[in-house]
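Summary of structural features
Spelled out, the chains give:
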Amino acid sequence: TQLLEQSPQFLSIQEGENLTVYCNSSSVFSSLQWYRQEPGEGPVLLVTVVTGGEVKKLKRLTFQFGDARKDSSLHITAAQPGDTGLYLCAGTFYTGTASKLTFGTGTRLQVTL
Amino acid sequence: EAQVTQNPRYLITVTGKKLTVTCSQNMNHEYMSWYRQDPGLGLRQIYYSMNVEVTDKGDVPEGYKVSRKEKRNFPLILESPSPNQTSLYFCASSFGTSGGRETQYFGPGTRLLVL
């Protein structure tokens, strides 16, 4: 089983601060996704990155896929209380017969006023 | 509205009493899967289905069964639940897998407690 480690596990910051969440693996992934999950709901896709070194921006969120496609980061600029939630990375690798999606352990973010 | 629905949302049961959690999607998706979410372990895949009558084991299939008789439905069956199956369960669907580039749509979750 491929493992995706996320760090930090928990992050509590004040509104306006910047933060970065990391997703690391020893395996090469064909693509990587970031999801956000709010309490009482299922995860919702934020972005998919597929090319090594790729950078995507979604308003105040910047996502980067590592050059070797083994890691990714999520950077939030000027965090707001609405950013509070559980952030999950999910990487896809080929088993030889099918694509397999593996989720990271998650980073729980709390943004306070 | 395009969505994945799960029922029930909350369930308390006792060890050994068979239960079924239903999952239905209205997006004509071919790929459906079940996950369980436990603190510190993230989401782990239980079973998945590439299409009708095609199912396969995920990472943690022990103690679970699934069926895919219709494209829209993918029920999760616990024949003899045990306390270690207490967890938060999510059903998800997508058009396919396309090497992981497809958006997975998740249901709202089912919180199960096995006493």
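Conventions and cut-offs
- Each chain has its residues counted from 1, running along the sequence as written.
- Chain letters start at A and ligand numbers start at 1, both assigned in the order the entries are written.
- In keeping with the predicted nature of the model, local features appear solely for residues at pLDDT of at least 70, side-chain atom pairs appear and are counted solely at 80 or more, and the whole-chain, interface and lining totals rest on all residues.
- Excluded from the side-chain calculation are hydrogens and water; included are all heavy atoms of the structure.
- By nonpolar core we mean a set of buried residues, namely Ala, Val, Leu, Ile, Met, Phe, Trp, Tyr and Cys, connected to one another through side-chain atoms within 4.5 Å.
- Buried, partly exposed and exposed residues are distinguished by accessible area as a fraction of the type maximum, computed with a 1.4 Å probe on protein chains only: under 20%, between the cut-offs, and over 50%, respectively.
- Only DSSP runs of H or I covering at least 4 residues are called helices, and only runs of E covering at least 2 are called strands; the numbering of each starts at the N terminus.
- A contact between two residues is defined here by any heavy atoms of the two lying within 4.5 Å.
- Whenever a carboxyl oxygen of Asp or Glu lies within 4 Å of a side-chain nitrogen of Lys or Arg, that contact is scored as a salt bridge.

**Concerning the nonpolar core**
One finds L19, L32, W34, F63, L74, I76 and L109 of chain A to be the most contacted residues of the largest nonpolar core, which totals 22 residues. Elements supplying a minimum of two residues to this core: β3 (19-24), β4 (31-37), β5 (44-49), β7 (61-65), β8 (71-76), β9 (85-94) and β11 (107-112) of chain A. In this structure, L19 of chain A is in contact with L11, I13, L74, H75, I76, A79 and L109 of chain A, ignoring residues within four places of it in sequence. Within the second largest apolar cluster, 19 residues are counted, among which are W34, I46, Y89 and V114 of chain B.

**Section: the pattern of salt bridges**
Tallied over the full model, the rule gives seven salt bridges over all chains. Linking R60 of chain A and D83 of chain A is a salt bridge whose minimum nitrogen-to-oxygen distance equals 2.9 Å. Of this pair, R60 of chain A sits in the loop between β6 (55-58) and β7 while D83 of chain A sits in the loop between β8 and β9, and the two are 23 residues apart along the sequence. On the basis of relative accessible area, R60 of chain A is assigned to the partly exposed category, the value being 25%. In this structure, K18 of chain B and E79 of chain B form a salt bridge, with 4.0 Å as the shortest nitrogen-oxygen distance. Linking K18 of chain B in the loop between β2 (10-13) and β3 (19-25) with E79 of chain B in the loop between β8 (76-78) and β9 (87-94), this pair joins segments that are 61 residues apart in sequence. By sharing partners, the salt bridges in this structure join K18, K65 and E79 of chain B into a single network.

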